[in-house]
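# Breakdown of the fold
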Amino acid sequence: MEGLSVVVALVILVIVTIGMGVRIVPQGSKHIVQRLGKYHSTLNPGMNIIIPYVDQVPYKVTTKDIVLDIPSQEVITEDNATIIANAVAYINIVSPEKAVYGVEDYEIAIQNLVQTALRSIVGEMSLDSALSSRDLIKAKLKEGISDDIADWGINLKTVEIQDINPSATMQKAMEEQAAAERQRRATVTRAEGEKQAAILEADGRLEASKRDAQAQIVLADASREAIERVTRAISDKELPVMYLLGERYIGALENLSASDNAKNIIFPADLPHAIKGLLNR
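The rules behind each value
Every chain is numbered independently, its residues counted from 1 as its sequence is written. Per-residue local features of the predicted model are confined to residues with pLDDT of at least 70, and side-chain atom pairs are confined, for both listing and counting, to 80 or more; whole-chain, interface and lining totals are unaffected and use all residues. With hydrogens and water stripped out, all remaining heavy atoms of the structure feed into the side-chain values. A pair of strands is considered paired only if DSSP assigns at least 2 bridges between the two. A run of H or I in DSSP counts as a helix once it spans at least four residues, and a run of E counts as a strand once it spans at least two, with each numbered from the N terminus. A fitted line through C-alpha atoms represents every axis, and for helices the fit uses only the stretch in contact; the resulting angles, taken between N-to-C directions, go from 0 to 180 degrees. Note on classification: 1.4 Å probe, protein chains only; a residue is buried when its accessible area is under 20% of the maximum for its type, exposed when over 50%, partly exposed between these limits. Contacts: residue pairs with any heavy atoms within 4.5 Å of one another. UniProt positions are given in the numbering used here, feature names are shortened, and annotations may be inferred rather than shown by experiment. The span expected for a helix works out to 1.5 Å for each residue beyond the first.

An order of β3-β2-β5 is seen for the 3 strands of this open sheet, with the pairing classed as antiparallel. Pairing within the sheet leaves two strands with one partner each, and these edge strands are β3 (38–43) and β5 (55–62). Taken over all neighbouring pairs, the strand axes of this sheet differ in orientation by 30° on average, direction set aside.

Along the chain, Q73 falls in strand β6 (residues 66–76). Relative accessible area serves as the criterion here: at 10%, Q73 is assigned to the buried category. Once residues lying within four places of it in the same chain are set aside, the contact partners of Q73 are I83, I84, A85, Q115, L118 and R119.

Right, let's get into the sheet that holds β6. A sheet is described by the order of its strands in space; here 3 strands give the open sequence β6-β7-β8, paired in antiparallel fashion. The sheet is open, and its two edges are formed by β6 and β8 (154–166), each paired on a single side. Each neighbouring strand pair of the sheet contributes to a mean axis angle of 20°, computed without reference to strand direction. In the sheet, strand β7 (residues 82–93) pairs with β8 via 11 bridges, with the strands oriented antiparallel. Among the inter-strand pairings, Y90 is bridged to a residue of β8, identified as T158.

Next up on the list: the UniProt feature "transmembrane region" (unreviewed entry) in the protein chain. According to UniProt, the positions carrying the feature "transmembrane region" (unreviewed entry) are residues 6–25. Summarising residues 6–25: 80% helix, 20% strand, and an end-to-end C-alpha distance of 33 Å.

Right, let's talk about helix α3 (residues 106–122) for a bit. With 17 residues, α3 should reach 24 Å at 1.5 Å per residue; the first-to-last C-alpha distance of 24 Å fits that figure. Buried within α3 we find Y106, A109, I110, V114, Q115, A117, L118, I121 and V122. Looking at the buried residues of α3, the elements they touch are β6, β7, α2 (96–101), α4 (127–132), α5 (134–150) and β8.

Encoded structure:
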């Protein structure tokens, strides 16, 4: 029985040993093999054979694209404005051994690199430029950190600026500035409207005065022409003149009687004699 137990134990040990020597690596991953504590090789997807008890697999690295969220941070622009910015980086590990041996924690390292580069880039831009130049910031970020992380066997596929907004204090100041600008424009527009209205009113008065003057001239010419015609028509005859003057005289008295200030109107008893008086006869 003891011999049988030993055989069973040996069989189990052999099976376990063979199992330790066979490593199945899933697609999208690579495994790092250390032999006696030193890097030995990288296992690709599929079945791989290692030496049991001598080789170990301390690191399993994904070869799929990794999305790194870059935390928000306060950034000071060139004109001393404070903005809040964050980003997201897309990376791919092309050399797993460099990623695990070249840096302690490549994710934290890349996050710090992006944050530092972002502060440096935005610090050379004005507030308006920083808020409106996401593509420029993105290009400079990728250019600035691609070479650094390449030493770790990592490829930076792209980096995107998620949010870049003024701080709460700066946003309030900008809103107040925008409100003041809108108020100024409203005041200018209102003043311009009043100015145009005054100009149009003055132009209207000027045009009315010109037309009144032209009307007076036309009336004067008409009166002169009428007098000349009457003079030629009556020659030395007194009766037509008396008739015309009497008609004008009566019309004037009628207008005077219609006036609000008129109290009593007295017609002369001898109208022809009154008209002759106007003629100095």
